[in-house]
Amino acid sequence: MNTEKSKSLFEEAKKIIPGGVNSPVRAFKSVGGNPIFVQRGSGSKFYDVDGNEYIDYIGSWGPHLFGHNPSFIKKALLNAIENGTSFGAPTEIEVQMAKLITELVPSVEMVRMVNSGTEATMSAVRAARGFTGKEKIIKFEGCYHGHGDFFLIKAGSGALTFGVPTSPGVTKGNAADTLIADFNNIESVKKLIQANKNEIAAVIIEPVVGNMGTVRSNDSFIKELREICSNENIVLIFDEVMTGFRLAKGGAQEILGITPDLTTFGKIIGGGLPVGAYGGKKEIMEMVSPSGPVYQAGTLSGNPLAMNAGLAALNQIKNHPEIYTQLEEKGKYLEDGIKSGIKSIGKNYQLNRVGSMMTLFFTEEPVVDYNSAVKSDTKLFAKYFHEMLNQGIYFPPAQFEAMFISTEHTKEDLDKTIEVNLKALKSL
Ligand SMILES: *Cc1c(COP(=O)(O)O)cnc(C)c1O
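In this text, all values refer to a predicted model and were calculated from it rather than measured experimentally.

Here we take up the packing of helix α3 (residues 92-104) against helix α10 (residues 304-319). Think of two packed helices as two axes; the pair is described by the angle between the axes and how far apart they sit. Running from N to C, α3 and α10 point in directions that differ by 35 degrees, and their axes come no closer than 10 Å. For the pair α3 and α10, the sense of crossing is left-handed. Of the residues in α10, those in contact with Ile93, Glu94, Gln96, Met97, Leu100, Ile101, Glu103 and Leu104 of α3 are Met307, Asn308, Gly310, Leu311, Leu314, Asn315 and Lys318. Classifying every residue of the contact of α3 with α10 by side-chain character gives 8 nonpolar, 4 polar and 3 charged.

In spatial order, the strands read β4-β14-β13-β12-β9-β5-β8; together these 7 strands make up an open sheet with mixed pairing. Edge positions in the sheet fall to β4 (110-114) and β8 (178-181), since each of these pairs with one other strand and no more. On average, each strand axis in the sheet is tilted by 20 degrees relative to the strand beside it, whichever way the strands run. On top of the sheet, α3 reaches β4 and β13 (262-265); it is set at about 125 degrees to β4, its chief contact. Contacting β4, β5 (136-140), β9 (200-205), β12 (235-239), β13 and β14 (276-280), helix α4 (residues 117-132) runs over the sheet at an angle of about 175 degrees to β12.

Take Asp261: it is sitting in the loop between α8 (251-256) and β13. Side-chain polar atoms of Asp261 contact the side chain of Arg226, separated by 3.0 Å. Among the polar contacts listed, one links the side chain of Asp261 to the backbone nitrogen of Leu236, at a separation of 2.8 Å. Other than its neighbours up to four places away in sequence, Asp261 contacts Arg226, Ile234, Val235, Leu236, Gly279, Gly280, Lys281 and Ile284.

With that out of the way, let us pick up helix α2 (residues 71-81). Buried within α2 are the following residues: Ile73, Ala76 and Ala80. All buried residues of α2 fall inside an arc of 60 degrees around its axis, so they share one side. Residues of α2 that are exposed and angled more than 90 degrees away from the buried face: Ser71, Lys75, Leu78 and Asn79. Looking at the packing, one finds that the buried side of α2 touches α10.

To continue, consider the pairing of strand β15 (residues 350-354). Taken across its 5 residues, β15 has 5 buried, putting it largely inside the fold. Side chains Gln350, Asn352 and Val354 of β15 all project onto a buried face; the interleaved residues Leu351 and Arg353 project onto the opposite face, where all are buried too. Pairing between β15 and strand β16 (residues 357-361): 5 bridges, direction antiparallel. Across the sheet, the residue bridging to Arg353 is Met358, located in β16. Counting the residues in the hairpin turn of β15 and β16 gives 2 residues, including Gly355, whose phi is positive at 60 degrees.

With that settled, consider the environment of Val21. Along the chain, Val21 turns up in the loop between α1 (4-16) and β1 (38-42). Classification of Val21 as buried rests on a relative accessible area of 15%. Filtering out sequence-adjacent residues up to four positions away, Val21 remains in contact with Phe10, Arg26 and Ala27.

Close contact between helix α11 (residues 323-344) and helix α14 (residues 411-427) brings their axes to 9 Å; oriented N to C, the two are set at 20 degrees. The angle between the axes of α11 and α14 places the two elements in the roughly parallel class. Every pair of crossing elements has a handedness; the one defined by α11 and α14 is right-handed. Residues Lys330, Tyr333, Leu334, Gly337, Ile338, Gly341, Ile342 and Ser344 of α11 pack against Lys411, Leu414, Asp415, Thr417, Ile418, Asn421, Leu422 and Leu425 of α14. When the residues that make up the contact of α11 with α14 are grouped by side-chain class, the tally is 8 nonpolar, 5 polar and 3 charged.

Looking at where Gly213 falls in the secondary structure, it is placed in the loop between β10 (208-209) and β11 (215-216). Relative accessible area serves as the criterion here: at 0%, Gly213 is assigned to the buried category. Gly213 sits 189 residues away from Ala402 along the chain, and the two C-alpha atoms are 5.0 Å apart. Once you skip the residues sitting within four places of it in the chain, Gly213 turns out to touch Thr359, Phe361, Phe400, Glu401 and Ala402.

Overall, antiparallel pairing links the 3 strands, which are arranged β15-β16-β18 in an open sheet. Either end of the sheet is taken by a strand with one partner, and the two such strands are β15 and β18 (403-404).

Our focus in this paragraph is the site of the ligand. Residues in contact with the ligand, as listed here, are Ser116, Gly117, Thr118, Tyr144, His145, Gly146, Glu206, Asn211, Asp239, Val241, Met242 and Lys267. Within the backbone of Gly117, an N or O atom sits 2.9 Å from an oxygen atom of the ligand. Isolated, the ligand exposes 380 Å² of accessible area, and the fraction of that covered by the protein chains is 83%. Considered class by class, the residues forming the shell around the ligand number 3 nonpolar, 6 polar and 3 charged.

Here we take up the domain arrangement of the chain. Buried accessible area, meaning the area lost when the parts come together, often serves as the stated size of an interface. Split by domain assignment, the chain resolves into domain 1 (4-69 + 322-427) and domain 2 (71-319). Placing a centre on the C-alpha atoms of domain 1 and another on those of domain 2 gives a separation of 25 Å. Every contact between the two is made by 28 residues of domain 1 and, on the other side, 31 residues of domain 2. Counting the surface lost from both domain 1 and domain 2, the interface buries some 2,300 Å², and carbon and sulfur atoms represent 64% of this. Counting the contacts that link domain 1 with domain 2 gives 0 salt bridges. One can count 10 residue pairs in polar contact (both at pLDDT 80 or more) joining domain 1 with domain 2. Listed by contribution, the elements that provide at least two residues to the side of domain 1 that touches domain 2 are α11, β15, β16 and α12 (370-373). For the side of domain 1 that touches domain 2, the element with the most residues is β16, which contributes 4 residues. The class makeup of the residues in the side of domain 1 that touches domain 2 is 18 nonpolar, 6 polar and 4 charged.

Cut-off values and rules
Residues numbered from 1 in each chain as written. Predicted model: local features only at pLDDT ≥ 70, side-chain atom pairs only at ≥ 80, totals over all residues. Heavy atoms only, no water. Axes fitted to C-alpha atoms, helices over the stretch in contact; angles between N-to-C directions. Helix = DSSP H or I, 4+ residues; strand = E, 2+ residues; numbered from the N terminus. Left-handed = near helix turned anticlockwise from the far one by under 90°. Contact = heavy atoms within 4.5 Å. Nonpolar A, V, L, I, M, F, W, Y, C, P; charged D, E, K, R; others polar. Pairing = 2+ DSSP bridges. Polar contact = N/O pair within 3.5 Å; in protein donor to acceptor, adjacent residues only side chain to side chain. Buried < 20%, exposed > 50% of the residue type's maximum accessible area, 1.4 Å probe, protein only. Arc of directions from axis to C-beta. Parallel < 35°, antiparallel > 145°, perpendicular 65-115°, else oblique. Near = heavy atom within 4 Å. Areas by Shrake-Rupley, 256 points an atom, 1.4 Å probe, with all protein chains shown as cover. Domains from an automatic or database assignment. Buried area = accessible area lost by both parts, 1.4 Å probe. Salt bridge = Lys/Arg side-chain N within 4 Å of Asp/Glu carboxyl O.

Below you can see the structure in the form of structure tokens.
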């Protein structure tokens, strides 16, 4: 496969953009080699600047539930652009958007639009702190909530004392307010709450994780987490930036049957444009300015182009609830195909899947949390990734990520992927 043009663009980019990319994972750092520069996308596929075709399983890292450039979103954008791109004054479509979100996700009684998932999670935590009058938060090792300072924290050596920053530029002060628990381990949460009695404002969690690879929360764990938060006056925040509108129209909370106090959204909610949102219980959301004292604002929030694209996506979801059954069937088909490849080379690599999200982990032990995920052989993954890429299958360029199936992936796409998977596995 010739990727000369991508290579030379990357060389040029590296001189003037940090690492040559505007978001780190795009640089292929964890798998080596040069990133592919994309020119255009359509349906399940995209095409690079050298003219190569790929079946795409990242879908812009989640937003493209309906594949690349679906005609109904393109139409909505073209219509919207006739009226202007931004006003900084309220518009009718923002009301329609809020109505539809609160209808599709019943736990969301009120919602505020922002411009990214990161903004949504930062704002939700601020609202929770303002509402409870408490300062500390609990997050889970391996969950990702965007790049806000107080999320870039991992467990320190004495897990019950302080977290430590995972990035220079994040202060010890931030680290001191973020406590780290183990995913799917309710005892670790109880211990933190006990040691920080009446100090925890919020617990934030990816109810189905995508960002350590795909990992589902256990039913008993998430149920108990809900109970503890209610008993301790802690705001339970489900970060559904990835899972919202992907796993079900009501998100992970619908399939788990658990009602959070606040939910954050991003990705699919913008129909491919930069959008985030946070919402939930009315009494908490009414703390947000201008109805309450918790400040949060945005020059381009509720942007008409973004709202039109997002609303088109959500309307499609509302009018076609059957897509989730179809996505489950496609997911199962691909899962079975990849697993039979694994079996035929005599391995037991773990494949975790929930609906249209899945991850193939290069480890033979079940992956249920961060510690079990990082047992994966990332060198082997890198090799596998490049074998797939060379045959025109674009999987996420990092082991600890979810791949996504869209409504536009055909049986032919899936069959080709299964076939290439077998070849790639055999070559390892
Ligand atoms: C992608 C993601 C974010 C961050 O969203 P951005 O739009 O990249 O800022 C936050 N939380 C989760 C669960 C995500 O998957």
